[in-house]
Every structure is written in structure tokens, then in C-alpha cells.
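Here is how the chains run, residue by residue.
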Amino acid sequence: MANGQWFPPDWPQRIRALADGTLTPVAPKRAATVMLLKDTGSGPVVHMLRRRASMAFAGGAYAYPGGGVDPRDDDLHVRWAGPTRAWWAERFGVDETAAQAIVCAAVRETYEEAGVLLAGPAPDSVVGDTTGDDWEADRAALVARETSFAEFLDRRGLVLRSDLLGAWTRWITPEFEPRRYDTWFFVAALPEGQRTRNASTEADRTVWIRPADAAASYDEGELLMMPPTIATLRQLLPYGTAAEALAAAPARDLTPVLARARLEDGEVVLSWPGHDEFTRHVPAGGGPA
């Protein structure tokens, strides 16, 4: 391949099935992912993890901490700092309970997969070291879904710091995928005193990398990524600090990006509106061109 775009081998067949009406799209599940940033002398770096090569979906691809929304986080009213649930609901275009669950998912997944917790004992604080045995037991219980994130926060008396997050963009998995997600991407800065670690069972490597370096490695075919990942990396390039990126987030357009497949001159053309670099042509009976 000319670059590091990950393309599932069964996409051509599924795209043609969608085009001829023999495939019915499944409803996407809500999800959240976080671009965790920290400042260095040469600009901000972003925390990325490499999915294990054995993973059926996007094995070997680089991504950010993230995952699906836990419906249980719709229910319990958590201690909250920053913009109100009503503000987030308007930002996302959902109701307030769904908005709370999406923000909870972003903070929970960052804790589950990177060991970083955007919450504290007061509205203006964050926890310090989260690497002790008691913290690890709680993190493992969250991963196993033995407890909800809202319950975890309540039991520890923690306030969720929604002000430390910035909603950045929204991507929906293409209609021809068997597993689909409606994913909100966030930016956040690494809290002072906390450190990342590879806490994910789905990743075999984590890195802090400058967005420009990651994008260059993708362009050279050295780093494998899905379209939303490389697209968001390129969107981070103009910002000289994590604070600048966070300050830009409230003005970002959250209109969802959804891949489209159309028939054209005997080919299926796969495209992402506004992202021409990802366009692929699928010949009849062949793979992506």
C-alpha cells in the first residue's frame, strides 16, 4: 500500500452487498475515544496504542484509548465539574443522560487503557498516582464490567472533570461493517502528576508521538491507521500546545463523518465526505484500488 491506511479484506464484498441491497446495515453503538496530549519542548505529543496483531479488527493499527458507552452510566447522577450535562447534550445533539454516558465513556476508557483518570476529590483537582493495588483492582473491575464508571466515581467520592475534555469530531463506522460505532473523539491534556501506561489487553505497545511524526510515518506506510485516526492527527498539526487544542475544541464541527459507497463505471467507490485522501475504488470481483 502507498500509505498506512488499514483496509479490511472483506470490505469489497460487503460494499458490493450493500450496493445491491443484500446487506442490511446494523445500528451503530455509541462510543468515545480520547486524544491524550502532553507538551514537550518540540510541541505537543499524543498518546497512541498499537492494537495487537491477533485482533480480528484493525490488528496492528495505531489508535487512541477508547471504547463503547456503558448504558449503566446513563442512570446514576455522578458528581460533575465543568460544562453542565445540558451543555454537553446540546454539543452532542443527544439528551442529558446520553451526554453523561458519552463523557463517562471517554474518561473511563482513558483510565482503563492508559491508567489516566480525569477526575478528582474536588471540582478543581485531579487524583495523583493511580498505580496502587486498590486502584488496579478498581480498574480491573471496570474492564470486566463488574461495576459501572458512575458507581466507581460515587464509591470513591470523585468528581468527573468534564472541563478537562474537549469534543473534537465524530465518526460513524461505515454502513457495511458488521460492528458499527458512533464515536465521539475528544482531546485532553495529561493531568499533572499522572503517567500513562499500557493497561489495555488489546494493545501490545504504546507511544507518545508528535502528530506530525505519526502522520509522516503513516504516509510512508510505516504506521498502520484507520481513517479517523490519521484524519484527527492531521487536525492536531496547527496547535503548538495541548491548551491550544483544548481551546479550539468548542468551535469544532461535530457533524458525523460517515463513509459512502456508490456504484460508478462498474466500480464501487468508497469515500468519506470531506476526506478525499481516503477514497478507494473497488473493482467488480476485486479488492481496493
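Anyway, here's the lowdown on the structure attached to this text.

Brief notes about the environment of D154
Tracing the chain through its elements places D154 in helix α5 (residues 149-156). For D154, a relative accessible area of 43% puts it in the partly exposed group. Between the C-alpha atoms of D154 and L237, which are 83 residues apart in sequence, the distance is 37 Å. Not counting residues up to four positions away in its chain, the partners in contact with D154 are L76 and R79.

Considerations on the environment of L233
Following the sequence through the fold, L233 ends up in helix α7 (residues 227-236). Each C-alpha atom of the pair L233 and P211 lies 5.3 Å from the other, and the pair is 22 residues apart in sequence. Ignoring any residue separated from it by four or fewer positions in sequence, one finds L233 in contact with V46, M48, Y64, P211, A214 and M225.

Quick notes on the sheet that holds strand β5 (residues 80-81)
In spatial order, the strands read β5-β7-β6; together these 3 strands make up an open sheet with mixed pairing. The open sheet terminates on both sides in strands that have one partner only, identified here as β5 and β6 (119-120). Pairing of β5 with strand β7 (residues 159-161), which is carried by 2 bridges, proceeds in the parallel orientation. Looking at β7, one finds that A81 is bridged to R161.

Overview of the sheet that holds strand β13 (residues 267-272)
An order of β12-β13-β14 is seen for the 3 strands of this open sheet, with the pairing classed as antiparallel. Two strands bound the open sheet, and with one partner strand each, they are β12 (260-264) and β14 (275-283). Put simply, the sheet's adjacent strands are angled 25° from each other on average, direction ignored. Sheet analysis places β13 next to β14, joined by 5 bridges and oriented antiparallel. What sits directly across from L270, in β14, is R280. Here helix α1 (residues 11-19) sits on the sheet in contact with β12, β13 and β14, set at roughly 100° to β13.

Comments concerning the pairing of strand β8 (residues 165-172)
Burial analysis of β8 places 8 of its 8 residues in the buried class, the great majority of the element. Summarising the sheet, β8 and strand β9 (residues 181-189) pair through 7 bridges and their orientation is antiparallel. From the neighbouring strand, T169 faces β9, where its bridge partner is F185. Alignment of β8 against strand β11 (residues 257-258), held across 2 bridges, turns out to be parallel. The partner of W171 across the bridge, within β11, is V257.

Conventions used here
Counting starts from 1 at the beginning of each chain's written sequence and moves along it residue by residue. Local features are withheld for residues below a pLDDT of 70 in this predicted model, meaning they are given only at 70 or higher, and side-chain atom pairs are given and counted only at 80 or more; totals for whole chains, interfaces and linings count all residues. Excluding hydrogens and water, the side-chain values take into account all heavy atoms of the structure. Strands here mean DSSP runs of E at least two residues long; helices mean DSSP runs of H or I at least four residues long; both are numbered from the N terminus. Under the scheme applied here, a residue whose accessible area is under 20% of the maximum for its type counts as buried, over 50% as exposed, and between as partly exposed, the area being computed with a 1.4 Å probe on protein chains only. By the convention used here, residues are in contact when the closest approach between their heavy atoms is within 4.5 Å. A pair of strands is considered paired only if DSSP assigns at least 2 bridges between the two. The axes used here are C-alpha line fits, helices contributing only the stretch in contact, and every angle between their N-to-C directions lies in the interval 0 to 180 degrees.

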